[in-house]
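Overview (structure and organization)
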Amino acid sequence: MPLAVGTDAPAFTAKDTNGNTVSLSDFKGKTVVLYFYPKDDTPGCTKQACSFRDATDEYKSKDIVVLGVSADDEVSHQAFTQKYNLNFPLLADTDKALIKAYDVDGGGYAKRVTYVIDGNGKIIHVDSNVNTPTHASDVLAAVGL
């Protein structure tokens, strides 16, 4: 079961696509979309990532940060990012610490679950029934942002 709306989002620190350290606390005061997905460069995960890529201007205009998370490493994330011109960070969760903390462990990979976290670190929306091609717009519509 994913974490519930109203729960404090677990703090995390992970490496992003470019090897930079990223922590949830870096985004205090901002809305964060933290989406978990099973594997880089697979059909559903590609559609989902590209939906966020294509909605970047809308997300930026609303001051929303998008972070993708999978158990893939930085090298895999770099190749995925370059191949599809992704314009947001992917977090490498090779030890599956985030996957476990956010209760999305699918047995060696992340289940496809998206959390929207408000500027105070509270989970305000959970989507575990993801329609990959329209996911970015579905998230915005669901949270009314």
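Anything mentioned here points back to the structure above.
So, a few notes on the structure that sits alongside this text.

Quick notes on the rules
Residues numbered from 1 in each chain as written. Predicted model: local features only at pLDDT ≥ 70, side-chain atom pairs only at ≥ 80, totals over all residues. Heavy atoms only, no water. Pairing = 2+ DSSP bridges. Helix = DSSP H or I, 4+ residues; strand = E, 2+ residues; numbered from the N terminus. Axes fitted to C-alpha atoms, helices over the stretch in contact; angles between N-to-C directions. Contact = heavy atoms within 4.5 Å. Buried < 20%, exposed > 50% of the residue type's maximum accessible area, 1.4 Å probe, protein only. Core = buried A, V, L, I, M, F, W, Y, C linked by side-chain atoms within 4.5 Å.

Turning our eyes to something else, we now look at the sheet that holds strand β5 (residues 90–92). One open sheet holds the seven strands; their spatial order is β2-β1-β5-β4-β3-β6-β7, and the pairing between them is mixed. Each having just a single partner strand, β2 (21–23) and β7 (123–127) make up the two edges of the open sheet. Strand-to-strand twist in this sheet, taken as the mean axis angle between neighbours without regard to direction, amounts to 30°. For strand β1 (residues 13–16) and β2, the ladder comprises three bridges, and the chain directions are antiparallel. From the neighbouring strand, Thr13 faces β2, where its bridge partner is Ser23. Docked against the sheet, helix α1 (residues 43–54) engages β3 (31–36), β4 (64–70) and β6 (113–117), running at close to 160° with respect to β3. Contacts between helix α3 (residues 74–84) and the sheet are confined to β1, β4 and β5, with β5 contributing the most and set at about 160° to the helix.

All right, on to the pairing of β3 then. Where burial is concerned, most of β3 is hidden: six out of the six residues are buried. Residues Thr31, Val33 and Tyr35 point to one face of β3 and Val32, Leu34 and Phe36 to the other, with burial holding for every one of them. When β3 meets β4, the two strands line up parallel, connected through six bridges. The partner of Val33 across the bridge, within β4, is Val66.

Judged by nonpolar contacts, the single largest core of 24 residues is most densely connected at Leu34, Phe36, Leu67, Leu91, Tyr102, Tyr115 and Ile117. Looking at this core, the elements with two or more residues in it are β3, β4, α4 (97–101) and β6. Other than its neighbours up to four places away in sequence, Tyr115 contacts Pro2, Leu3, Val32, Val33, Leu34, Phe36, Tyr102, Val104, Ile123, His125 and Val126. Counting residues in hydrophobic clusters, the runner-up holds 18 residues, among them Phe52, Ala55, Ile64 and Val66.

Keep in mind that these numbers describe shape and distance, not what the molecule does.
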